[in-house]
Amino acid sequence: QRLKAAVHYTVGCLCQEVEEDKEVQFSKQSIAAISEITFRQCEIFAKDLEMFARHAKRTTVTTEDVKLLARRSNSLLNYITQKSEELASSNMEQKEKKKKKSSVAKGERTPGEQEAAVTENEDSNMT
């Protein structure tokens, strides 16, 4: 019930934005209908995502499942793909920072420092 109320509130806010932008009016009944349709569609999406994951013999829904769900809307699929790639690169950067911090804390050398040390050793061996 709380989730349904939240969807109804959000739809109402979006309808208000459209009213101001497009100078149209939404009746309470139309907002309620849009809310109900939105809620039912979200339930369908949730079941589909669960089935996609289960079909792949997984218990976790992944971004690939979401992309599969959005495949009929090119613009939505492109948006989800773009955001997914941004998140993946952001996660990689954070992992690299954590690796550097942990190796510095342990007194280990970073990959760049290791390379420099190898070069120094090679130079000293040549002389």
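Residues numbered from 1 in each chain as written. Predicted model: local features only at pLDDT ≥ 70, side-chain atom pairs only at ≥ 80, totals over all residues. Heavy atoms only, no water.

Going by an unreviewed UniProt entry, the protein chain carries the name Centromere protein S and comes from Brachypodius melanocephalos.

Q: Can you lay out helix H2 (residues 28–55) for me, pointing to particular residues and giving the numbers?
A: In a regular helix each residue adds 1.5 Å, so 28 residues correspond to 40 Å; H2 covers 40 Å between its end C-alpha atoms and thus fits that length. All buried positions along H2 are accounted for by Ile 31, Ser 35, Phe 39, Leu 49 and Ala 53. Considering only its buried residues, H2 is in contact with helix H1 (2–22) and helix H3 (63–69). After H2 finishes, the residue Lys 57 shows a positive phi value of roughly 60°. (Helix = DSSP H or I, 4+ residues; strand = E, 2+ residues; numbered from the N terminus. Expected span 1.5 Å × (residues − 1). Buried < 20%, exposed > 50% of the residue type's maximum accessible area, 1.4 Å probe, protein only. Contact = heavy atoms within 4.5 Å.)

Q: Account for the nonpolar core, naming residues and giving values.
A: Judged by nonpolar contacts, Val 7, Val 11, Cys 15, Ile 31 and Phe 39 together constitute the single largest core of five residues. Elements supplying a minimum of two residues to this core: H1 and H2. Sort the elements by how many residues they give to this core and H1 lands first, with three residues. The contact partners of Val 7, leaving out residues within four places of it in the chain, are Ser 35, Thr 38 and Phe 39. (Core = buried A, V, L, I, M, F, W, Y, C linked by side-chain atoms within 4.5 Å.)

Q: Before we move on, could you go through the environment of Tyr 9 and cite the residues and values that matter?
A: Inspection of the secondary structure assignment puts Tyr 9 in helix H1. Classification of Tyr 9 as exposed rests on a relative accessible area of 60%. Here the alpha-carbon distance between Tyr 9 and Ser 35, two residues 26 residues apart in the chain, equals 8.5 Å.

Q: Before we move on, can you summarise the pattern of salt bridges with the specific residues and values?
A: Enumeration according to the criterion identifies seven salt bridges in this entry. Between Arg 58 and Asp 65 there is a salt bridge, with the nearest N and O atoms lying 2.9 Å from each other. In this structure, a network of salt bridges that share partners links the residues Lys 4, Glu 36 and Arg 40. (Salt bridge = Lys/Arg side-chain N within 4 Å of Asp/Glu carboxyl O.)

Q: Any details on unusual backbone geometry? Residues and values, ideally.
A: Backbone geometry places Glu 23, a non-glycine residue, at a positive phi of 55°. Following the sequence through the fold, Glu 23 ends up in the loop between H1 and H2. Of note in this structure, Lys 57 is not a glycine but carries a positive phi near 60°. Note that Lys 57 resides in the loop between H2 and H3.

Q: Help me get a handle on the side chain of Glu 19, residues and values and all.
A: Looking at where Glu 19 falls in the secondary structure, it is placed in helix H1. The side chain of Glu 19 is buried and forms no salt bridge, while Lys 28, the nearest opposite charge, is found at 11 Å. Separated by 2.8 Å, the side chain of Glu 19 and the backbone nitrogen of Phe 26 make a polar contact. Among residues more than four places away in sequence, those in contact with Glu 19 are Val 24, Gln 25 and Phe 26. (Lys, Arg positive; Asp, Glu negative; His and termini not counted. Polar contact = N/O pair within 3.5 Å; in protein donor to acceptor, adjacent residues only side chain to side chain.)

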